[in-house]
Amino acid sequence: SSAAAATGTAPPAEGPGASQGGGAVASARATGVAFPGMADSSMRSRVPRRVGAPSASPTPLSLAERLAEDTAAQQRTRGATLLAASSALSAAGRHAEAASLLQYLRDFGVERDVLMRRLSPQEADALFQEASLRLGLELQRAGLLSGAWEALVAACAEPGLREPCRAVGALADVSLQLAMRCDREPARQVEVLQGAADAAAVSRALPLDRKDELELALALALQAAG
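Residues numbered from 1 in each chain as written. Predicted model: local features only at pLDDT ≥ 70, side-chain atom pairs only at ≥ 80, totals over all residues. Heavy atoms only, no water.

**Some thoughts on the packing of helix H9 (residues 145-156) against helix H11 (residues 186-203)**
Interhelical geometry of H9 versus H11 gives an angle of 30° and a closest axis separation of 10 Å. If you check the angle between H9 and H11, you find them roughly parallel. Read as a crossing pair, H9 and H11 show a hand that is left-handed. Here H9 contributes Ser146, Trp149 and Cys156 to the contact with H11, which in turn contributes Arg188, Glu191, Val192, Gly195 and Ala199. Grouping the amino acids of the contact of H9 with H11 by side-chain chemistry returns 4 nonpolar, 2 polar and 2 charged. (Axes fitted to C-alpha atoms, helices over the stretch in contact; angles between N-to-C directions. Helix = DSSP H or I, 4+ residues; strand = E, 2+ residues; numbered from the N terminus. Parallel < 35°, antiparallel > 145°, perpendicular 65-115°, else oblique. Left-handed = near helix turned anticlockwise from the far one by under 90°. Contact = heavy atoms within 4.5 Å. Nonpolar A, V, L, I, M, F, W, Y, C, P; charged D, E, K, R; others polar.)

As structure tokens, then:
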């Protein structure tokens, strides 16, 4: 006790309680319970984790495919969404399916949006013209030239055409391609080429070289038709 007093250290506690307390602290330090969070982390490390990642969200293409197959869903869908879905299908080379969505949008979707007050008259006109033009382009890419020609003639006939160069240029391309397919039907050649020539004359939107090409093809078709 004199040595303890000289050194200033307290003697170790005696008795069963003290030995149990020291053992508890030692045990706590050994297991890490004395440090906040370690017991929880050790428990979490023993919890088995679920194997496998969660399934990926649907892609724009997969959603567009579902929409193209579901007429009822098309009726519930906004026109802008139908237009975006057609773009996803077109980018994937699914031009016939893109055209199907665009035809529904042109014939029914725009009017439905107007009735439900989703679009102003100006917005509806812009969406209708875009759907009409893109319908012709998608049908052309799908190789359905007769349908493309009809869609583009209708698009070019719209009053206040917003993109005459784009629309009339597409109609001229389709008309020339279709005329080549109808080389044994001069009357049909005249019909399709005349439609493009009339649109070009009204809009004055076709470049001079394209206009000359179209007029030459029409003159040859007229000559062949007698």
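Read on for the rest.
**Re the packing of aromatic side chains**
Two descriptors summarise a pair of aromatic rings, namely the distance from one centre to the other and the angle between the planes of the rings. Under the definition given, this model contains 1 aromatic pair. Relative to Phe108, the ring of Tyr104 has its centre 5.6 Å away and its plane inclined at 35°; by these criteria the two rings are tilted. Taken together, the residues Tyr104 and Phe108, both in helix H7 (residues 95-115) and 4 residues apart, mark about one turn of the helix. It is Arg188 that lies over the ring of Trp149; its NZ or CZ is 5.5 Å from the centre. (Phe/Tyr/Trp six-rings, centres within 6.5 Å; stacked < 30°, edge-to-face > 60°. Lys NZ or Arg CZ within 6 Å of the ring centre and 35° of its normal.)

**Comments concerning the layout of surface pockets**
In this model, the largest pocket occupies a volume close to 160 Å³. Forming the walls of the largest pocket are Leu176, Ala179, Met180, Gln189, Leu193, Glu213, Ala217, Leu220 and Ala221. Contributions of two or more residues to the lining of the largest pocket are made by helix H10 (164-181), H11 and helix H12 (208-225). Among the elements that make up the lining of the largest pocket, the one with the highest residue count is H12 (4 residues). Looking at side-chain class alone, the lining of the largest pocket contains 7 nonpolar, 1 polar and 1 charged residues. (1 Å grid on protein atoms, 1.4 Å probe; cavity = no way out; pocket = protein on both sides within 12 Å on 5 of 7 lines; lining within 4 Å. Points joined across faces, edges and corners; volume = space filled by probe spheres on them.)

**Observations regarding the pattern of salt bridges**
This model, assessed by the stated rule, comprises 12 salt bridges. In this structure, Arg118 and Asp113 form a salt bridge, with 3.0 Å as the shortest nitrogen-oxygen distance. Ionic pairing is found between Glu163 and Arg166, a salt bridge with its closest N-O pair at 2.9 Å. Residue Glu163 is classed as partly exposed on the basis of its relative accessible area of 36%. Look at Arg166 and you get partly exposed, because its relative accessible area is 33%. Each member of the salt-bridge network shares a partner with another, and the members are Glu130, Arg134, Glu163 and Arg166. (Salt bridge = Lys/Arg side-chain N within 4 Å of Asp/Glu carboxyl O. Buried < 20%, exposed > 50% of the residue type's maximum accessible area, 1.4 Å probe, protein only.)

**Points about the confidence of the model for the protein**
The predicted model of the protein averages 82 in pLDDT, with 75% of residues at 70 or higher. Scored below 50 in pLDDT, residues 1-49 makes 5 contacts in the model with residues more than four places away or belonging to other chains. (pLDDT = per-residue confidence, 0-100.)

**Things to note about the nonpolar core**
Soluble globular proteins: nonpolar side chains tend toward being buried together. The biggest cluster of nonpolar side chains holds 50 residues, and the ones touching the most others in it are Leu101, Leu105, Leu171, Leu193 and Leu214. The set of elements that each furnish at least two residues to this core consists of helix H4 (60-69), helix H6 (79-91), H7, helix H8 (121-141), H9, H10, H11 and H12. Both of domain 1 (58-143) and domain 2 (148-225) provide at least three residues apiece to this core. The contact partners of Leu214, leaving out residues within four places of it in the chain, are Leu176, Leu193, Ala196, Ala197 and Leu206. (Core = buried A, V, L, I, M, F, W, Y, C linked by side-chain atoms within 4.5 Å. Domains from an automatic or database assignment.)

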